[in-house]
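One letter stands for each residue in the lines below.
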Protein chains: 2
Amino acid sequence: MTNNTKDNGVPTLADVALHANVSTATVSRCLNSPERVGEKTRQRVMKAVQDLGYAPNFGAQALAARQTNTIAAVIPTMENAVFARGLQAFQEELGRHGKTLLVASSAYDADLEEQQVRALAARGADGILLIGYDRAPDIYAFLAKQQIPTLIAWSFNPEETRPSVGFNNRAAMTELARQVIGHGHKHIACVSAPTASNDRARERVEGIRDAMSQVGQSSSDLVVVETPYGIETGERAFRQVMTESPRTTAVMCVNDVLAVGALRAAREMGIKVPDDVSVTGFDDIEIATLAEPPLTTVHVPHREMGRCAADMLIHILRGDQDGHTLELATEIRVRQSLGPAPN
Amino acid sequence: MTNNTKDNGVPTLADVALHANVSTATVSRCLNSPERVGEKTRQRVMKAVQDLGYAPNFGAQALAARQTNTIAAVIPTMENAVFARGLQAFQEELGRHGKTLLVASSAYDADLEEQQVRALAARGADGILLIGYDRAPDIYAFLAKQQIPTLIAWSFNPEETRPSVGFNNRAAMTELARQVIGHGHKHIACVSAPTASNDRARERVEGIRDAMSQVGQSSSDLVVVETPYGIETGERAFRQVMTESPRTTAVMCVNDVLAVGALRAAREMGIKVPDDVSVTGFDDIEIATLAEPPLTTVHVPHREMGRCAADMLIHILRGDQDGHTLELATEIRVRQSLGPAPN
DNA sequence: TTAAAAAATGTAAGCGCTTACATTTTAGAG
DNA sequence: CTCTAAAATGTAAGCGCTTACATTTTTTAA
């Protein structure tokens, strides 16, 4: 072995310094701002780094430099393709800027989310990405107190002031609902995720109401069934809708997964889509095109959102106060699951 | 504000100590091993922690305690539901043990993976999860030098000695291939992911060959097309297979996504599945049941694998050397995409 | 009541790095 | 060749926490 000061395998800055016959300061500079070091010295130091297989100690670095180059994200679940995709892009962009991603998931549970946020803050995250606006005020207070820059994604609400990157869930759903209404549907039902602490779902439901109001229909006519995320739950919700409100001719789901469940339930019940009932989704993930029939849905640029989120967060960390909030466009994708209302 | 020693918002251990009128050691003990502190003192300290909104500084903690309670995973991509699911379970279990997950993705690129591993090691990961055995020896050497416990997932190969949790890709595929052969198929083709640095794909292909050999068929008869991951690429690969080897009656894909692509290509080409050609997948993710026709595939317990991986890694970190490697069972799921060979 | 053991708490030495400031070396100008 | 400014390097003081060891307090037992 080499002449490490202390003989536990992992070499330290001091070992490198010794090896290269310079001070620790010089080694540190070689690694962090090489232009401030003489050419020959640098080469000598770099060789020592190589020889010893030196890698900086993270804790020490974080402590001394007061930052971890680590960014955290708390998402509902990675099993939702929507978040997996966004997170993937987020991580890629982060990586490009030398940042690493810390991940936790809340399983759509507000308390769990709070725990996770605290845990990630404790892990020294320089910044944090959160999904949607809805959460207890003390989380925001905590983050403020800890001085951890925070960015909201997946939601964009002109009335909110927090930095965010996302799309207008309400407006997007309104547009889709208009299309549905345009197909002659008068009895619309909505299968939603729980709206209590999920502004995205809530806004989407409201979006449908907006569209109904716009055509002079009472928005309280909208039948809404709330259910947790999943194909099976979507199936059950669809059955419930059709049982309790048999006149329904269009079932608008707040995401594609629930919609696929609805499609499946319809098939089992012998209900033809779109001849008897139309079904719509939201997100435009892969299964939307794979479903039978292919799903009419709202296309959301998940990857772009993830990428932008990373960029924005990095800007915020740097102190560039520009572009504090960003609205992304969505787009209606009309496919076979939407058809004219039966008469 | 409170009487922080130094007046930059974030309180330190010393501030808490001051506030509670104890030493920093006592505060530290309150937080890390409360049973070693008197009841009254603890309450006083905890109150101070609350009042000040204290959260430990990560870098300092990591430096002093020589561990970060952080575990890293490098996966090919989160957009593959297979990994998203496993990673989700992995993270959940980690969380249960107070560990946090650091994530990076390699996009199935060996060089990128190496970079990521180094980056995560530099971020102070206490342990690391890697997918599959295949990678440059210097990555393993680096990890060993850094003394970072490493666990391999998604592969279990009796001939390998590294700690791993996974399933026998080869044996599982052999079993599926036997079923295919049992349906009378003599001209089998395989659509594979690139096998160069992916032992999982390679083993699956070999698994088919094994089954062919077992029935006395020359394994070199197997037509193999390699293509990157994706539905579209699966489509193209299927076209290529059917063009170059039109006698093919069964196309075995090394994962469900490629298989769904194959199914789609078949439909576009007017080839009936399974009447003209049978198609199989691997993984049994959601789209396998959603596909038309539903896909015959190998069910892999992704969630369980993620959970076990977390448990094993934690054990390894603790120094419990038990259960160094774990084989999980897979199961063939026969669905409509597999039928008897046309005569 | 008192000595010994056990429990609670305090003291202070690092952990390995960054960086302000001090010092030395080098380069350039006269 | 000398003087000065700039570049390169070194010195050493923390960063905020954990923990071995020392000290004090409480409990237990005789």
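For the structure given in this document, a descriptive report is provided here. All of these numbers come straight from a predicted model, not from anything done at the bench. (Residues numbered from 1 in each chain as written. Chains lettered and ligands numbered in written order. Predicted model: local features only at pLDDT ≥ 70, side-chain atom pairs only at ≥ 80, totals over all residues. Heavy atoms only, no water.)

What follows covers the protein's contact with DNA strand C. Taken together, 27 residues form the shell around DNA strand C, and within it A:Leu13, A:Ser28, A:Tyr54, B:Gly38 and B:Thr41 come nearest. Looking at DNA strand C alone, sugar and phosphate atoms form 65% of those within 4 Å of the protein. At 3.2 Å from a phosphate oxygen of DNA strand C is found a main-chain nitrogen or oxygen belonging to A:Asn57. B:Gly38 places a main-chain nitrogen or oxygen 2.7 Å from a phosphate oxygen of DNA strand C. (Near = heavy atom within 4 Å. Polar contact = N/O pair within 3.5 Å; in protein donor to acceptor, adjacent residues only side chain to side chain.)

Once that is clear, we can look at the nonpolar core. Grouped together as the largest cluster of nonpolar side chains are 158 residues, with contacts concentrated most on A:Phe90, A:Phe238, B:Phe90, B:Phe238 and B:Val279. The contacts of A:Phe90, once residues within four sequence positions are left out, are A:Ile71, A:Ala73, A:Leu101, A:Leu129, A:Gly306, A:Arg307, A:Ala309, A:Ala310 and A:Leu313. (Core = buried A, V, L, I, M, F, W, Y, C linked by side-chain atoms within 4.5 Å. Buried < 20%, exposed > 50% of the residue type's maximum accessible area, 1.4 Å probe, protein only. Contact = heavy atoms within 4.5 Å.)

On to the relation of the copies chain B and chain A. With an RMSD of 0.2 Å, the operation that places chain B on chain A is a rotation of 180° combined with a shift of 0.2 Å along the axis. As the rotation angle and translation indicate, the two copies are arranged about a two-fold axis. (Least-squares fit on C-alpha atoms with pLDDT ≥ 70 in both.)

Turning to the protein's contact with DNA strand D, a few remarks are in order. Around DNA strand D lies a shell of 25 residues, among which A:Gly38, A:Thr41, B:Leu13, B:Ser28 and B:Tyr54 are the nearest. Within 4 Å of the protein, the contacting atoms of DNA strand D are 66% sugar and phosphate, with bases supplying the remainder. Between DNA strand D and the protein, one listed contact pairs a phosphate oxygen with a backbone N or O atom of A:Gly38 at 2.7 Å. Going through the elements one at a time, α2 (24–32) and α4 (58–65) of chain A together with α2 (24–32) and α4 (58–65) of chain B are the ones with two or more residues in the surface near DNA strand D. (Helix = DSSP H or I, 4+ residues; strand = E, 2+ residues; numbered from the N terminus.)

With that settled, the discussion passes to empty space enclosed by the protein. Counting across every chain of the model gives three cavities of 30 Å³ or more. Taken as a whole, the largest cavity holds about 160 Å³ of empty space. Elements that contribute at least two residues to the lining of the largest cavity include exactly α5 (81–96) and α9 (199–214) of chain A. Looking at the lining of the largest cavity, the element that brings in the most residues is α9(A), giving three residues. Structurally, the lining of the largest cavity is a two-domain feature, drawing no fewer than three residues from each of domain 2 (69–167 + 302–330) and domain 3 (169–299) of chain A. Taken as a whole, the second largest cavity spans an internal volume of roughly 50 Å³. What lines the second largest cavity is simply A:Phe58, A:Thr70, A:Leu102, A:Arg123, B:Phe58, B:Thr70, B:Leu102 and B:Arg123. (1 Å grid on protein atoms, 1.4 Å probe; cavity = no way out; pocket = protein on both sides within 12 Å on 5 of 7 lines; lining within 4 Å. Points joined across faces, edges and corners; volume = space filled by probe spheres on them. Domains from an automatic or database assignment.)

The next subject is the interface of chain B and chain A. Accessible area lost when the parts come together is the quantity often used to give the size of an interface. Each partner contributes residues to the interface: chain B has 48 residues there, and chain A has 48 residues. Between chain B and chain A the total buried area reaches about 4000 Å² when both faces are included, carbon and sulfur atoms providing 57% of it. Put simply, chain B and chain A have four salt bridges between them. Close ionic contact of A:Arg303 with B:Glu79 constitutes a salt bridge, the shortest N to O distance being 2.2 Å. Here chain B is connected to chain A by 22 residue pairs in polar contact (both at pLDDT 80 or more). The set of elements that each furnish at least two residues to the side of chain B that touches chain A consists of α4, α5 (81–96), β2 (100–105), α6 (110–122), α11 (256–269) and α12 (286–290) of chain B. Take the side of chain B that touches chain A: its biggest share by element is six residues, from β2(B). Its residues assigned to classes, the side of chain B that touches chain A comprises 21 nonpolar, 18 polar and nine charged. Sheet analysis places strand β2 (residues 100–105) of chain A next to β2(B), joined by three bridges and oriented antiparallel. (Buried area = accessible area lost by both parts, 1.4 Å probe. Salt bridge = Lys/Arg side-chain N within 4 Å of Asp/Glu carboxyl O. Nonpolar A, V, L, I, M, F, W, Y, C, P; charged D, E, K, R; others polar. Pairing = 2+ DSSP bridges.)

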